[in-house]
Structures are given as C-alpha cells and as structure tokens.
Amino acid sequence: MSKNTNGAGKKKKNYSFSFLNRFMIIQFLLMVILAFFIAKAISTRSVDNAKQHLSAVTDERAQIVIDHVETTETLLEALQSLQALSSS
C-alpha cells in the first residue's frame with residue numbers, strides 16, 4: 001500500500017468554536033461584569049460610610065468648640081463680676 005501524497009486523506013482543521021469554548025467565553029464575560037458591579041457597589045458603600053463618618057466627626061468637633069466657647073464666656077462673665085466687686 002502506498003501512502004496518499006496528494007492531501008486527499010487529510011482532515012480539514014475545524015476552526016469553529018465548540019460549545020465548551022463558547023461557554024467559557026460567556027462565563028468569563030459574566031465574571032468580568034459581576035466583578036465590575038461588585039467593585040462599584042463596594043466603592044459606593046465606602047464613599048457613603050466615609051461621608052457619614054466625616055459628618056459625625058464634624059458634628060462632634062463643632063460641639064466641642066461650642067462647649068469651649070460657652071465655658072469661656074462663663075469664665076469671662078465671672079471675672080467681670082469679680083472685677084466689678086473688687087473695684088467698688
């Protein structure tokens with residue numbers, strides 16, 4: 001038996017995607033989309049939490065300043081009263 005050298009016996013290469021290849025590509029795309037949306041949700045929540053935290057810190061510091069001003073005003077009024085008593 002002689003070998004066929006004219007290429008008639010060779011199979012053509014199949015360049016079409018198999019079901020598994022299509023499935024893996026779709027799965028990859030879904031994972032990329034899912035990762036994007038998860039990252040977006042985490043970023044949004046992080047921004048909201050940071051804004052709430054900064055707002056709470058700002059309110060606390062404002063209250064500290066208000067308390068300090070009230071205490072200082074009270075002390076100044078007491079000093080003025082003492083000066084008025086000592087001068088009379």
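## Some words on a nonpolar patch on the surface
The grouping of Phe19, Leu20, Phe23 and Met24 at the surface amounts to a nonpolar patch, some 480 Å² of accessible area in total. Note that Met24 resides in helix 1 (residues 19-87).

## Re the packing of aromatic side chains
The geometry of an aromatic ring pair is captured by two quantities: the separation of the ring centres and the angle between the planes. Summed over all chains, the structure comprises two aromatic pairs. Aromatic side chains Phe19 and Phe23 sit 6.3 Å apart centroid to centroid with 25° between the ring planes, which places their arrangement in the stacked category. Highlighted residues: Phe19 and Phe23, both in helix 1, separated by four residues, approximately one helical turn. For the ring pair Phe36 and Phe37, a centre distance of 5.5 Å and an interplane angle of 70° mean the geometry is edge-to-face.

## A closer look at a negative patch on the surface
On the surface, a cluster of negative charge is made up of Asp67, Glu70, Glu73 and Glu77. As for its position among the elements, Asp67 is in helix 1. You can call Asp67 partly exposed: its relative accessible area is 36%.

Definitions and limits used
Residues numbered from 1 in each chain as written. Predicted model: local features only at pLDDT ≥ 70, side-chain atom pairs only at ≥ 80, totals over all residues. Heavy atoms only, no water. Patch = residues over 30% accessible without salt bridge, like charges linked within 9 Å, V, L, I, M, F, W, Y side chains within 5 Å. Areas by Shrake-Rupley, 256 points an atom, 1.4 Å probe, with all protein chains shown as cover. Salt bridge = Lys/Arg side-chain N within 4 Å of Asp/Glu carboxyl O. Helix = DSSP H or I, 4+ residues; strand = E, 2+ residues; numbered from the N terminus. Phe/Tyr/Trp six-rings, centres within 6.5 Å; stacked < 30°, edge-to-face > 60°. Lys, Arg positive; Asp, Glu negative; His and termini not counted. Charge placed at Lys NZ, Arg CZ, Asp CG, Glu CD. Buried < 20%, exposed > 50% of the residue type's maximum accessible area, 1.4 Å probe, protein only.

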